[in-house]
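# Inside the fold
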Amino acid sequence: MTDAKPTVLPARQAELAAGLAQVQARISDACAVAGRARSEVTMVAVTKTYPASDVLALTGLGVTEVGENRDQEAAGKAAEVAAAGATPRWHFIGQLQRNKCRSVVGYADVVQSVDSARLARALAAAAVAVRDRPLDVLIQVSIDGDPARGGVLPGSADPDAGLHPVAEAAARADGLRLAGLMAVAPLDWEPERAFARLAEVAREFRAAHPEAVVLSAGMSGDLETAIGYGATHVRVGSALLGMRSTLR
Ligand SMILES: *Cc1c(COP(=O)(O)O)cnc(C)c1O
């Protein structure tokens, strides 16, 4: 860890400003097409693989929500950003092992990727121990029913794989606030079909959990479709920061 405040080169600053303007315009247009207010959709800037200096540039441009998918990378980055005086809300969006919960709840305000009752309980215990206010959690839903990619199954009653039992575990746990659902469109599905299916799942879910209104869906390639189907949060990485060199 260095004491030096991370600096942003002017060229990078300009690149990020241009990317942000483009993504903001896409979100505004998609809201207009869907007949939704722009204020209904929040952009989470997914900064994985990019340095703390990029996060600081983005917060300087008005970005308030940042997403990361690996604790090992995010913990240090969050500390650097905090040391530089910026206070974005950190969303954890990746697969999470229970032994990382204590670390994650120390900097994250939202964990979007809860996919088992075991993980919900581990997060709750960590949140009670480490935090002075509840941790927002989203239940990650598998749209195509393939559990290999993570996400719970909407129709299942399995306590560690079914949407309703996992949501109940999160809703009951001290230290957690069940805020809604998250999903990633399967690679081999049309976004239209994926987000239509997700909207159906979300509608049923809200009948049981009316306060849990967050729907995190849509990324760089499919955010318009997700907004058309009710996404309240889009998670945007490459369209904002550039293509990542690694596939994650
Ligand atoms: C990396 C990632 C994103 C952002 O993807 P882009 O296609 O770069 O916008 C969104 N959600 C999750 C869960 C991710 O891991």
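Note that the structure is a prediction, hence the values are computed from the model and not measured.

### Concerning the layout of surface pockets
- Estimates place the volume of the second largest pocket at around 180 Å³.
- Looking at the lining of the second largest pocket residue by residue, the class counts come to 2 nonpolar, 4 polar and 3 charged.

### Observations concerning the site of the ligand
- Every residue near the ligand is listed here: Val 46, Lys 48, Ile 93, Met 219, Ser 220, Arg 235, Val 236, Gly 237, Ser 238 and Arg 244.
- Contact between the ligand and Arg 235: a nitrogen atom at 2.8 Å from a side-chain N or O atom of the residue.
- In the environment of the ligand, an oxygen atom lies 2.7 Å from a nitrogen or oxygen atom belonging to the side chain of Arg 244.
- Bound to the protein, the ligand loses 87% of the 390 Å² it would expose on its own.
- Looking at the shell around the ligand residue by residue, the classes come out as 4 nonpolar, 3 polar and 3 charged.

### Let's talk about the UniProt feature "modified residue: N6-(pyridoxal phosphate)lysine" (unreviewed entry) in the chain
- UniProt's entry tags Lys 48 with the feature "modified residue: N6-(pyridoxal phosphate)lysine" (unreviewed entry), counted in the numbering of this structure.
- Locating Lys 48 in the fold gives a position in the loop between strand S1 (42–46) and helix H2 (52–60).
- By relative accessible area, which is 11% here, Lys 48 ends up buried.

### Here's the deal with the pairing of strand S3 (residues 89–92)
- Of the strand pairs in this sheet, strand S2 (residues 65–68) and S3 are connected by 4 bridges, and their pairing is parallel. Across the sheet, residue Gly 67 finds its bridge partner in S3, namely His 91.
- Handedness of the crossover joining S2 and S3 through helix H3 (residues 71–83): right-handed.
- Alignment of S3 against strand S4 (residues 110–114), held across 2 bridges, turns out to be parallel. Looking at the pairing, His 91 lines up with Val 110 of S4.
- At this point the chain moves from S3, through helix H4 (residues 101–107), to the parallel S4, and the crossover so formed is right-handed.

Thresholds, definitions, all that
- Residues numbered from 1 in each chain as written.
- Predicted model: local features only at pLDDT ≥ 70, side-chain atom pairs only at ≥ 80, totals over all residues.
- Heavy atoms only, no water.
- 1 Å grid on protein atoms, 1.4 Å probe; cavity = no way out; pocket = protein on both sides within 12 Å on 5 of 7 lines; lining within 4 Å.
- Points joined across faces, edges and corners; volume = space filled by probe spheres on them.
- Nonpolar A, V, L, I, M, F, W, Y, C, P; charged D, E, K, R; others polar.
- Near = heavy atom within 4 Å.
- Polar contact = N/O pair within 3.5 Å; in protein donor to acceptor, adjacent residues only side chain to side chain.
- Areas by Shrake-Rupley, 256 points an atom, 1.4 Å probe, with all protein chains shown as cover.
- UniProt positions renumbered as here; feature names shortened; annotations may be inferred.
- Helix = DSSP H or I, 4+ residues; strand = E, 2+ residues; numbered from the N terminus.
- Buried < 20%, exposed > 50% of the residue type's maximum accessible area, 1.4 Å probe, protein only.
- Pairing = 2+ DSSP bridges.
- Right-handed = clockwise from strand over helix to strand, strands pointing away.

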